[in-house]
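Structural description and commentary
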Amino acid sequence: MIWIIAAVAGLLIVYSALRWSRFRRFAEPVLSILVALALLSAFLVWWREGGSSGTTDTPPPFSQARPAVQPEQIQLENIVFTRNRTTDMSYRVTGVVSNRSAYALDYFRLSVALQDCPAASCKSIGDDTALVLARLLPGQSQPFETFFTFPNPYGVEPVAPNWSYRVTDASGRMP
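Attention here is on the structure that accompanies the text. Small disclaimer: the values here were computed from a predicted structure and weren't measured. (Residues numbered from 1 in each chain as written. Predicted model: local features only at pLDDT ≥ 70, side-chain atom pairs only at ≥ 80, totals over all residues. Heavy atoms only, no water.)

**A short note on the sheet that holds strand S5 (residues 141-149)**
The strand order across the open sheet built from three strands is S1-S2-S5, with neighbouring strands paired in antiparallel fashion. Edge positions in the sheet fall to strand S1 (74-84) and S5, since each has one partner strand and no second. Pairwise comparison of adjacent strand axes, ignoring direction, gives a mean angle of 20 degrees for this sheet. Sheet topology places strand S2 (residues 90-99) next to S5; nine bridges connect them, and they run antiparallel. Looking at S5, one finds that Thr 94 is bridged to Glu 145. (Pairing = 2+ DSSP bridges. Helix = DSSP H or I, 4+ residues; strand = E, 2+ residues; numbered from the N terminus. Axes fitted to C-alpha atoms, helices over the stretch in contact; angles between N-to-C directions.)

**Brief notes about the side chain of Ser 16**
For Ser 16, the location among the structural elements is in helix H1 (residues 2-19). A polar side-chain atom of Ser 16 sits 2.9 Å from the main-chain carbonyl oxygen of Leu 12. (Polar contact = N/O pair within 3.5 Å; in protein donor to acceptor, adjacent residues only side chain to side chain.)

**With respect to the nonpolar core**
Core analysis: the largest hydrophobic core is formed by 25 residues, its most contacted members being Ile 74, Leu 76, Val 97, Leu 105, Phe 108, Leu 110 and Phe 150. Broken down by secondary-structure element, the contributors of at least two residues to this core are S1, S2, strand S3 (104-116), strand S4 (123-136), S5 and strand S6 (161-173). (Core = buried A, V, L, I, M, F, W, Y, C linked by side-chain atoms within 4.5 Å. Buried < 20%, exposed > 50% of the residue type's maximum accessible area, 1.4 Å probe, protein only.)

**Focus: helix H2 (residues 21-48)**
Spanning 28 residues, H2 covers 41 Å between terminal C-alpha atoms, matching the ideal 40 Å at 1.5 Å per step. Along H2, the largest kink reaches about 30 degrees and is centred on Ala 27; proline Pro 29 follows within four residues of it. Positive phi shows up at Gly 50, right after H2, with a value of about 110 degrees. (Expected span 1.5 Å × (residues − 1). Bend = angle between axes of the 7 residues up to and from the residue.)

**Brief notes about the packing of aromatic side chains**
Evaluated as defined, the whole model comprises eight aromatic pairs. Between Phe 43 and Trp 46, the ring centres sit 5.8 Å apart and the planes meet at 40 degrees, which makes this aromatic pair tilted. One end of the pair is Phe 43 and the other is Trp 46, both in helix H2 and three residues apart, which spans about a single turn. In this structure Trp 46 comes out as partly exposed when scored by relative accessible area, which is 44%. Aromatic side chains Phe 81 and Trp 163 sit 4.0 Å apart centroid to centroid with 5 degrees between the ring planes, which places their arrangement in the stacked category. Of this pair, Phe 81 sits in strand S1 while Trp 163 sits in strand S6, and the two are 82 residues apart along the sequence. A cation over an aromatic ring shows up here: Arg 83 above the ring of Tyr 91, its NZ or CZ 5.7 Å from the ring centre. (Phe/Tyr/Trp six-rings, centres within 6.5 Å; stacked < 30°, edge-to-face > 60°. Lys NZ or Arg CZ within 6 Å of the ring centre and 35° of its normal.)

**Focus: a nonpolar patch on the surface**
A contiguous nonpolar surface patch, about 1100 Å² in accessible area, is contributed by Phe 26, Val 30, Leu 31, Ile 33, Leu 34, Leu 37, Leu 40, Phe 43, Leu 44, Trp 46 and Trp 47. For Phe 43, a relative accessible area of 44% corresponds to the partly exposed category. (Patch = residues over 30% accessible without salt bridge, like charges linked within 9 Å, V, L, I, M, F, W, Y side chains within 5 Å. Areas by Shrake-Rupley, 256 points an atom, 1.4 Å probe, with all protein chains shown as cover. Salt bridge = Lys/Arg side-chain N within 4 Å of Asp/Glu carboxyl O.)

**Examining the sheet that holds S4**
Strands sit in the order S4-S3-S6 across an open sheet of three strands; the sheet is antiparallel. Two strands close off the open sheet at either side, each with one partner strand: S4 and S6. Neighbour-to-neighbour, the strand axes of this sheet turn through a mean angle of 15 degrees, independent of strand direction. Two strands pair when backbone bridges link them, and S3 and S4 are joined in this way by 11 bridges, in the antiparallel orientation. Bridging across to S4, Phe 108 finds its partner in Val 132.

**A word on the pattern of salt bridges**
Going through the model one piece at a time under the given rule, you end up with three salt bridges. The residue Arg 92 makes a salt bridge to Glu 145 at a minimum N-O spacing of 2.2 Å. Residue Arg 92 is located in strand S2, and its partner Glu 145 is located in strand S5; the two are separated by 53 residues in the primary sequence. A residue is classified by how much of its surface remains accessible, and Glu 145, at 43% relative accessible area, is partly exposed. In this structure, the salt-bridge partner of Arg 173 is Asp 106, at a minimum N-O distance of 3.1 Å. Note that Arg 173 is positioned in strand S6 and Asp 106 in strand S3, a separation of 67 residues in sequence.

Have a look at this one:
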């Protein structure tokens, strides 16, 4: 509440300084001294309370040896890769994610590798990783959607795309 009074007083001082030049000659040195005193008192309070090396409470070290949700506890089903025609080498990925852990899932990272296998030989095109937000309780499933972009240096689309994907990271918490 006191900041409102200070703001109104500040506006009145600025208005008066703009309006009357005699007031400006008086107000400028007085305000400069007041600001210097305020900064000095703020420094003294900061120094008295311990400065930057103060006694802050540090949180206890993280005691969990493994993350709450393991990547192998995330099950992906009905994964479909669809070419996005608006941008070059961008793919829309849809599917269903299931949480098979005892913890609530917050998100997971999905890594995808794309190869072009027109005959018996496969040529690697690239890989990408997406962060997928999926808020799931244990045992629940929900559809998800994300996008992947791959390099296309020669402007040629894959003739026979071969996809490999896996969950590389997952994060969860107690439900």
